[in-house]
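# Structural overview
Now for the letters of each chain:
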Amino acid sequence: MTSFARTAPARTWSADPYTRALRTGRGPLFLRRSDGRLLPLDIERWCARADAADLDVLRRCEGPVLDVGCGPGRLVAALGEQGRPALGIDVSAAAVARTRQLGAPALHRSVFDPLPGEGRWGTALLIDGNVGIGGDPRTLLARTARLLRAGGLLIAETVPVPDLDERVLVHVTDAHGTEGTPFPWARIGTAALLRHATRAGWRAVAQWTAGGRSFAALRTRSAHSAAEAPNSTAVMSSQRARKPSGESPVAER
C-alpha cells in the first residue's frame, strides 16, 4: 500500500472532476467509495479565504509551516498575509497553480517525495481530511515525523466521529458521475488518531472543535507545548504559541 500511496495520487487528484472544480471554485465534488457511498468534498470552502476555524489552526502553528495537501492554497496564502514562512505541497498541478496565483509558494509534490527543509519544519498541517492520504495513517505519521524538527508540531483535522478508523478505496467524482482513478484513503477520528500516534511515539498536546470541525495537535518528541491557543474550545490545556524562529526552509529549493 505504501508504494501505491506514493504514486497513485499524482494521477487521481489530477483527474478532470477535481481539476475542473478547482478552476471554477465550485462543486459539487465527492469521493465515491467502493460501496457506492458518496463523501462530500467542500470545494467552495477550500477555494475561499481562510475562515475562523482555519485561522484558529494557524494561530497554533510554530516556526515555518508545511501544508501537506495544500489544495487551492487558502492556508498558505493566509500565513503569507501574516508574514509567516510557509510552503504548500500538493499532487494536483491545478491546486499548485491556484495556490501560486494567490502569491503563495507551493510545489507539485507528494508528501512521500523528497522535500525542501526535511527535518527542519516547525509545523506540518494535515487539514481538510489529508490525514487520510495514502490510506495508512501510521505510514503518514512516520513520514511527517521525519519532516519536522525535534519537538515539531503536527496539526491534523479529523473526522468528527472520535473512534472512526477505516480504510476505504475511493475515486473523485462530480455531479455528472465523471470518475477518476481509484486510490486508498483513510477516515479517522481524533481518538483513533491519538491511539495510532501514541504507538508511533507522538505526544498529544491538544484537541478541539471549531466550526463543526475536529482537530488534534501532536508533537514529535518531548517539548514545551505551544499548540493550544487561548480562549478556544480546546479539550486540553492551552498556552500561547511561541513566535516563529530560525531560518525558514522555504527558501531551499
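The sections below set out a description of the structure shown in this document. As the structure is a computational prediction, the values presented were derived from the model and not from experiment.

Reading guide: rules and limits
Residues numbered from 1 in each chain as written. Predicted model: local features only at pLDDT ≥ 70, side-chain atom pairs only at ≥ 80, totals over all residues. Heavy atoms only, no water. Pairing = 2+ DSSP bridges. Helix = DSSP H or I, 4+ residues; strand = E, 2+ residues; numbered from the N terminus. Axes fitted to C-alpha atoms, helices over the stretch in contact; angles between N-to-C directions. Contact = heavy atoms within 4.5 Å. Core = buried A, V, L, I, M, F, W, Y, C linked by side-chain atoms within 4.5 Å. Buried < 20%, exposed > 50% of the residue type's maximum accessible area, 1.4 Å probe, protein only.

### A short note on the sheet that holds strand β4 (residues 86-90)
Read across the open sheet, the seven strands follow the order β5-β4-β3-β6-β7-β11-β10; overall the sheet is mixed. Each edge of the sheet is formed by a strand with only one pairing partner; in this case those strands are β5 (106-108) and β10 (203-210). In this sheet, adjacent strand axes meet at a mean angle of 20° when their direction is disregarded. Pairing of β10 with strand β11 (residues 213-219) involves seven bridges; the strand directions are antiparallel. Bridging from a neighbouring strand, A204 pairs with L218 of β11. Here helix α7 (residues 93-101) sits on the sheet and contacts β4 and β5; the angle it forms with β5, its principal contact strand, is near 160°. Packing of helix α8 (residues 137-147) onto the sheet brings it into contact with β3 (65-68), β6 (121-126), β7 (148-158) and β11, and relative to β7 it is tilted by some 140°.

### Notes on the nonpolar core
Formed by 44 residues in total, the largest nonpolar core has its most connected members in Y18, L31, I43, L66, I89, V111 and L154. Looking at which element gives the most residues to this core, the answer is helix α9 (residues 190-199), with four residues. Ranked by size, the runner-up nonpolar core spans 26 residues in total, among them V57, L75, A104 and I127.

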